[in-house]
Amino acid sequence: MPHHLDKVLANAERQLAATGERRPTEVLPLYKRFLKIEEHRLRLKHQAGGGGREICARRADLVDVLLRHVFAAAVNAARRSHAQLISPIALMALGGYGRGELNPSSDVDMMFLHREPSGVAPSVAAVIAQVLYLLWDIGFKVGHSTRSVEEAINQANGEMLTKTALLESRFLAGDTELAGSFREEFRAKCVTGHEREYLEMRMRDQAVRHVKFGESVYLQEPNVKSGCGGLRDYQNLLWMSYFEEGALTTTHLLGKDWLSKADHRRIDEAYDFLLRIRTDLHYATRRATDVLHLNLQEQIATRLGYRQGSALLRSEALMKDYYEHTRNIFHVTERITEQFASGQSAGGVRSLFALATPQSQDEERLDEFVRRGNQLGIAERDLFEEQPECMMRAFQIAQERNLDLSPQLADLITRNLGLVTRVFQYAKRPREIFLAIISRKSSVGRVLRMMHRVDFLGRYMPEFGQLTCLVQHEFFHRYTADEHTLVCIEKLDAIAVTKDDILRGYRVLFEKMEDPLVLYLALLLHDTGRAVGARLHSEASAVFARRAALRLQLSPEQRKSLILLVDHHVTLSSMAQQRNLDDPETAIEFAQIVRNQKNLDALMLLTLADGQGTSAEGWSDWKEGLVWQLYEATSHYLADEETFYQKNKIEHESLQNAVAQMLAPDFADEIDAHFEALPDNYFRAFEVPEIAAHVELFRAFLTRLYIDEAPPLTPALKWELAADGSHSVVSLCTWDAPKLLGKIAGSFAVVRMNIRSADVFTRGDNVVVDRFRVTDVRSGPVTDPREMEAFEATLRAALLNPQFEFGPLLQKTRANPRADSLRERDFPTRISVDNKAHPAYTLVQIETPDRLGLLYDLVSAFSVENVSITLSRISTEKGAAIDTFYVADPDSRGKITDGTRIATLQHRLQEAALGSAWSAKL
């Protein structure tokens, strides 16, 4: 008996032996004390590095000891209270507890088994009640059932979940003969003859579960229990093995071409690791938590003994281990369960693809391979040893014939990866096949994923291999770097056949591309620089792309295009979002980067694939519109520079006439002033109806000021519902004033309105015309007049009172439990300061979790550091704020160039973004 269990039993004997003679109210404190001592002992063992299986098994032992004492006490009490002898009853552990695995906050599942066909006797009911009440009072979460043997068998055959729970049943206490007869009947009536039915149900359940939990091992916030490659996948293999081999263990699969010793070791280590992770999750959250949230990963990594220099590095190391382990479970269990489900024997590769006379017409010889159904198999086990290039050829055939690798072929490639040497990487035949594979539009992603699943892709393309299971701590990235890359390539494949009207323009670009090789290769390599932790990963990726291009012997033209696409794979998106697209110089600068239309088209497609492949939230109509605007302007410039300059001249006269037609004749003077006093980018940003509405708002402002004699800074406001109903649009007109943007942002924050975007323009006559898109605390449009009036009253007070302080009001607002409801998830704040992006201003870009009052805090930080904001682009999406500010020194009206001042500004903005305890008076 294990040494730990000896200690538990000894402690139980000391503390619990006499409890059978006492009343429940007397023994309850003893049970609680016993549990507290032993739980503490287990926690210390876990913190000292105890394995996942070990800790879970010891907790199951602990609960076993406690339950047997509780059960014995209940039986004794029932015998004393009932004249008749107690009927036979057995206490059975079920599910994970039956398997001997209990995490700290897991439910204790058990079944009270009896013989009575018409229901339990009063004495048995008394035992059950006392056991359950004591367990609940002790603090256990108990899942329980009371069944006769016949009822248990019938329910098992009627429901897969019940059958699965019962197949792991384990005797705890009571009548051993009753428990033994149940196990015999379960095997005879629930297993024998039901094998195929159960295997099919388990496969369907696994497929549904994978879809529900993200269909990928590589999620940033994975579900340790139910996600792909999680605990449930391993357990699913155990359950299927029971029906296939008659034992709840993976060791019975060894030596039969189902499971190699190496795979067996890997998945057992992985399962132990996941149980340890889940144990620590339960300890950290004090509840049954299965999701490894971003805000827990650093804490869990530190608690599990990762010793990297920073919390972020510890988190990355933890998650890299997590992905490698779950990847092993996912690949191995999927391959074996497919063999189970297809009814294949365990006789090996030759038994499935023997070269004798075909037994089925649906079998075909393909070079050195054999197609059977929709799977590609191998004819000779030693083929790869004699002809290693045939590994690459297998993937080409799978691509051309739309086949899957058979489980045996996939396993054989994995076992022969040592043949993918440096010589193989430079060899002519594998290179020609690989380039042909990635030149085939609409079918590249599936095959590259197939290569990656057997670890072949990373061996052949070591630049990509470095990305395997690499964590990306960025808000919009939901996958590891390798999974993100493969998803991007699959998104590009989908463009070739899309029928989505929104994507029609991309399909046209893809269709006219004669050779997509360079584009696919650029996507495969575009994030490889992340593997070396480069500050500018694009530049590092370009270095890896250059190395790969030389090894693959691309032509000089192909090599130049590849390096350009990789080096600038984020340039189109970042310039579109950060730069002033109304300035023709932006398109000219971008045209000088891409050099020709062919590169521009390829970069446009790469940008789409990269954006869509980042996450569902990573690509939006707003971003797409900006990207197309820059693409079209650049395309026009590349086609005809002279026409480009002419096209970008604002036709003020025709636009002014259109606005005049929408308004009464007496607006003529206001229209003239409006068109003379605003910059060109204003007229590019708004349509005719919006400009007309602003002229009307300007009149309302002047009317309120000079006729109604309102205070000088009293603004004119207009509230509208957005066309799609998702938010409200607030237009505002007033005199420009110091710290105006901060006061507006603070007023929105005080009344708990969130700013989704902002357009701020100042006329030459010192009149400000601003437009804000806002939502309420429910992330919907602002429709309550009281909320509108509260904002307007706060803003008026702030504008009219120079001593107005937002600090106390914001503190009260943030104390409200609903104030942080806008923060959907946490991710690292990133602040960059760039003096190269614009000729006149310093560009500051901030990416941080959104929250109420964020813009106010950021603007306050600029104010405290005496930095003026000349232009801003405010955007909020799915809980992320991505704000760009064009700033300058108010005295010199030039860029912020002093290194110390830049560092101080970044620190101040970091504090503001994180909501640190500092305040500024506005």
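About the criteria used
Residues numbered from 1 in each chain as written. Predicted model: local features only at pLDDT ≥ 70, side-chain atom pairs only at ≥ 80, totals over all residues. Heavy atoms only, no water. Helix = DSSP H or I, 4+ residues; strand = E, 2+ residues; numbered from the N terminus. Buried < 20%, exposed > 50% of the residue type's maximum accessible area, 1.4 Å probe, protein only. Areas by Shrake-Rupley, 256 points an atom, 1.4 Å probe, with all protein chains shown as cover. Core = buried A, V, L, I, M, F, W, Y, C linked by side-chain atoms within 4.5 Å. Expected span 1.5 Å × (residues − 1). Contact = heavy atoms within 4.5 Å. Axes fitted to C-alpha atoms, helices over the stretch in contact; angles between N-to-C directions. Parallel < 35°, antiparallel > 145°, perpendicular 65-115°, else oblique. Left-handed = near helix turned anticlockwise from the far one by under 90°. Nonpolar A, V, L, I, M, F, W, Y, C, P; charged D, E, K, R; others polar. Pairing = 2+ DSSP bridges. Salt bridge = Lys/Arg side-chain N within 4 Å of Asp/Glu carboxyl O. pLDDT = per-residue confidence, 0-100. Polar contact = N/O pair within 3.5 Å; in protein donor to acceptor, adjacent residues only side chain to side chain. Phe/Tyr/Trp six-rings, centres within 6.5 Å; stacked < 30°, edge-to-face > 60°. Lys NZ or Arg CZ within 6 Å of the ring centre and 35° of its normal.

*Asks:* Just to check I follow, could you spell out the overall build of the protein chain for this structure?
*Replies:* From N to C terminus, the protein chain includes 41 helices and 16 strands. Sorting the 922 residues of the protein chain into buried and exposed places 55% on the buried side. By element, 49% of the accessible surface of the protein chain is carried by carbon and sulfur atoms, the whole surface being about 39,700 Å².

*Asks:* Would you explain the nonpolar core in this entry?
*Replies:* Grouped together as the largest cluster of nonpolar side chains are 96 residues, with contacts concentrated most on Phe 434, Phe 456 and Met 461. In terms of residues, this core owes the most to one element, helix H25 (residues 517-525), which gives nine residues. Val 750, Val 768, Phe 804 and Ala 861 belong to the second-largest nonpolar core, a separate cluster that totals 48 residues.

*Asks:* Could you clarify how one ought to interpret helix H23 (residues 481-495) in this entry?
*Replies:* An α-helix turns once every 3.6 residues. As a result, residues three or four positions apart point the same way. With 15 residues, H23 should cover 21 Å at 1.5 Å per step; its first-to-last C-alpha distance of 22 Å lies within 8% of that length. Here H23 lies mainly inside the structure; 12 of its 15 residues are buried. Within H23, the full set of buried residues consists of Ala 481, Asp 482, Glu 483, His 484, Thr 485, Leu 486, Val 487, Cys 488, Ile 489, Leu 492, Asp 493 and Ile 495. For H23, the elements touching its buried residues are helix H20 (444-453), helix H21 (456-460), helix H22 (462-465), helix H24 (504-511), H25 and helix H30 (597-614).

*Asks:* I tried to follow the packing of helix H34 (residues 668-677) against helix H36 (residues 688-707) on my own but got confused; where do I start?
*Replies:* Think of two packed helices as two axes; the pair is described by the angle between the axes and how far apart they sit. The geometry of H34 relative to H36 is characterised by a closest axis approach of 10 Å and an angle of 110° between their N-to-C directions. One finds that H34 runs roughly perpendicular with respect to H36. Crossing handedness for the pair H34 and H36: right-handed. Residues Glu 670, Ile 671, His 674 and Phe 675 of H34 pack against Ile 691, His 694, Val 695, Phe 698 and Arg 699 of H36. When the residues that make up the contact of H34 with H36 are grouped by side-chain class, the tally is five nonpolar, two polar and two charged.

*Asks:* Which parts of the structure should I look at to understand the sheet that holds strand S3 (residues 142-148)?
*Replies:* The strands making up a sheet associate through backbone hydrogen bonding, with each pair oriented either parallel or antiparallel. Spatial strand order, S3-S2-S1-S4: four strands in an open sheet with mixed pairing. Edge positions in the sheet fall to S3 and strand S4 (170-174), since each has one partner strand and no second. Geometrically, the sheet is characterised by an average inter-axis angle of 25° between neighbouring strands, direction not taken into account. In this structure, strand S1 (residues 89-93) lies alongside S4, joined through four bridges in antiparallel fashion. Counterpart to Met 92 in the pairing with S4 is Phe 171. Along the sheet, helix H3 (residues 52-81) contacts S1, strand S2 (108-114) and S4; its crossing angle with S4, the most-contacted strand, is approximately 30°.

*Asks:* Please clarify how the pattern of salt bridges should be interpreted in this entry.
*Replies:* It is possible for side chains bearing opposite charge to pair when their charged atoms get close. Scanning the model with the defined rule gives 50 salt bridges in all. A salt bridge links Asp 263 to Arg 266, with the nearest nitrogen and oxygen atoms 2.5 Å apart. With Asp 263 and Arg 266 both in helix H11 (residues 261-285) and three residues apart, the pair spans about one turn of that helix. Exposure remark for Asp 263: the relative accessible area of 7% places this residue in the buried category. For the salt bridge of Arg 763 with Asp 765, the shortest nitrogen-to-oxygen distance reads 2.6 Å. Relative accessible area serves as the criterion here: at 33%, Asp 765 is assigned to the partly exposed category. Overlapping salt bridges bring together Asp 263, Arg 266, Arg 335, Asp 411 and Arg 415 as one network.

*Asks:* Looking at this model, I keep getting lost on helix H17 (residues 407-415). Mind explaining?
*Replies:* Counting buried residues along H17, seven of its nine residues qualify, which places the element largely inside the surrounding structure. Buried residues of H17: Pro 407, Gln 408, Leu 409, Ala 410, Asp 411, Leu 412 and Ile 413, and no others.

*Asks:* Got a minute to help me understand the packing of H20 against H23 in this structure?
*Replies:* At their nearest, the axes of H20 and H23 sit 7 Å apart, and the two run at 155° to each other. When the axes of H20 and H23 are compared, the pair comes out roughly antiparallel. In this structure, H20 contributes Val 444, Gly 445, Arg 446, Leu 448, Arg 449 and His 452 to the contact, and H23 contributes Asp 482, Glu 483, Leu 486, Val 487, Ile 489, Glu 490 and Asp 493. Here the residues of the contact of H20 with H23 are counted per class, giving five nonpolar, two polar and six charged.

*Asks:* For this particular structure, what's the right way to read the pairing of strand S7 (residues 375-378)?
*Replies:* Moving residue by residue along a regular strand, the side chains alternate between the two faces of the sheet. Side-chain alternation along S7 places Gln 375 and Gly 377 on one buried face and Leu 376 and Ile 378 on a second face that is also buried. Where strand S6 (residues 369-372) meets S7, four bridges bridge the pair, whose relative direction is antiparallel. Counterpart to Arg 372 in the pairing with S7 is Gln 375. Linking S6 back to S7 in an antiparallel pair, the connection comprises two residues, with Gly 373 at a positive phi of about 65°.

*Asks:* What should I look at first to understand the sheet that holds strand S5 (residues 363-366) in this one?
*Replies:* Ordered by their spatial adjacency, four strands build an open sheet running S5-S6-S7-S8, and the pairing between neighbours is mixed. Every other strand in the sheet has two partners, leaving S5 and strand S8 (404-405) as the edge strands with one partner each. Sheet contacts for H17: S6, S7 and S8; angle to S7, the most-contacted strand, approximately 55°.

*Asks:* Hey, could you run me through the confidence of the model for the protein chain in this one?
*Replies:* Reading predicted coordinates in detail is not appropriate for stretches of low pLDDT. Averaged over every residue, the pLDDT of the protein chain is 87; the share at 70 or more is 89%. Per-residue pLDDT stays below 50 along residues 345-360; that stretch engages in 31 contacts with residues further than four places along the chain or on separate chains. Every residue in residues 917-922 scores below 50 in pLDDT, and together they form 20 contacts with partners more than four places removed in sequence or on other chains.

*Asks:* Quick question: what am I supposed to make of the environment of Val 750 here?
*Replies:* For Val 750, the location among the structural elements is in helix H37 (residues 740-750). Classification of Val 750 as buried rests on a relative accessible area of 14%. For the pair Val 750 and Ala 790, spaced 40 residues apart in the sequence, the C-alpha separation amounts to 8.9 Å. Each residue touching Val 750, except ones within four places of it in the same chain, is listed here: Thr 794, Phe 806, Leu 809, Leu 810 and Thr 813.

*Asks:* What is the right way to look at the side chain of His 264 in this model?
*Replies:* The residue His 264 is located in helix H11 in this model. At a separation of 2.9 Å, a polar atom in the side chain of His 264 contacts the side chain of Thr 250. Contact partners of His 264, with chain neighbours within four places excluded, come to Thr 250, Thr 251, Leu 254 and Leu 259.

*Asks:* Help me understand the packing of aromatic side chains, please; the structure alone is not making it clear to me.
*Replies:* Remark: the centre distance and the inter-plane angle together describe each pair of aromatic rings, the angle taken between the planes. For the coordinates displayed, the defined rule picks out 27 aromatic pairs. Relative to Phe 683, the ring of Tyr 682 has its centre 5.0 Å away and its plane inclined at 85°; by these criteria the two rings are edge-to-face. Residues Tyr 682 and Phe 683 agree in their burial class; the two are buried. For the cation-ring pair, Arg 170 lies above Tyr 97, with the distance from its terminal atom to the ring centre recorded as 5.3 Å.

*Asks:* When you look at unusual backbone geometry in this model, what are you seeing that I'm missing?
*Replies:* Glycine aside, the phi torsion of most residues is negative, and most peptide linkages are trans. Within the chain, Glu 215 stands out as a residue other than glycine whose phi angle is a positive 55°. Counting through the fold element by element, Glu 215 comes out in the loop between helix H9 (195-212) and helix H10 (231-245). Phi angles above zero are rare outside glycine, and Asp 367 is one such case at about 55°. Its place among the elements puts Asp 367 in the loop between S5 and S6. A relative accessible area of 45% places Asp 367 in the partly exposed class.

*Asks:* Looking at this structure, how should I read the pairing of strand S10 (residues 728-735)?
*Replies:* Among the eight residues of S10, seven are classified as buried, and the element is accordingly described as predominantly covered. Note: strand S9 (residues 716-721) against S10, six bridges, orientation antiparallel. Among the inter-strand pairings, Leu 721 is bridged to a residue of S10, identified as Ser 728. If you look at the hairpin formed by S9 and S10, you'll find six residues sitting between the two strands, and Gly 725 has a positive phi there, around 75°. Pairing geometry for S10 and strand S12 (residues 767-775), over eight bridges, is antiparallel. Note on S12: the bridge partner recorded for Cys 733 is Val 769.

*Asks:* Whenever I open this one, the side chain of Ser 226 confuses me. Can you help?
*Replies:* As for its placement among the helices and strands, Ser 226 is situated in the loop between H9 and H10. Residues contacting Ser 226, with those up to four places away along its chain left out, are Arg 209, Phe 213 and Arg 232.

*Asks:* What exactly am I supposed to notice about the environment of Leu 503 here?
*Replies:* Checked against the element boundaries, Leu 503 lands in the loop between H23 and H24. Spatially, the C-alpha atom of Leu 503 lies 9.5 Å from that of Leu 608, the residues being 105 residues apart in sequence. In this structure Leu 503 touches Ile 495, Thr 498, Leu 608, Gln 612 and Glu 624, once residues within four positions along its chain are discounted.

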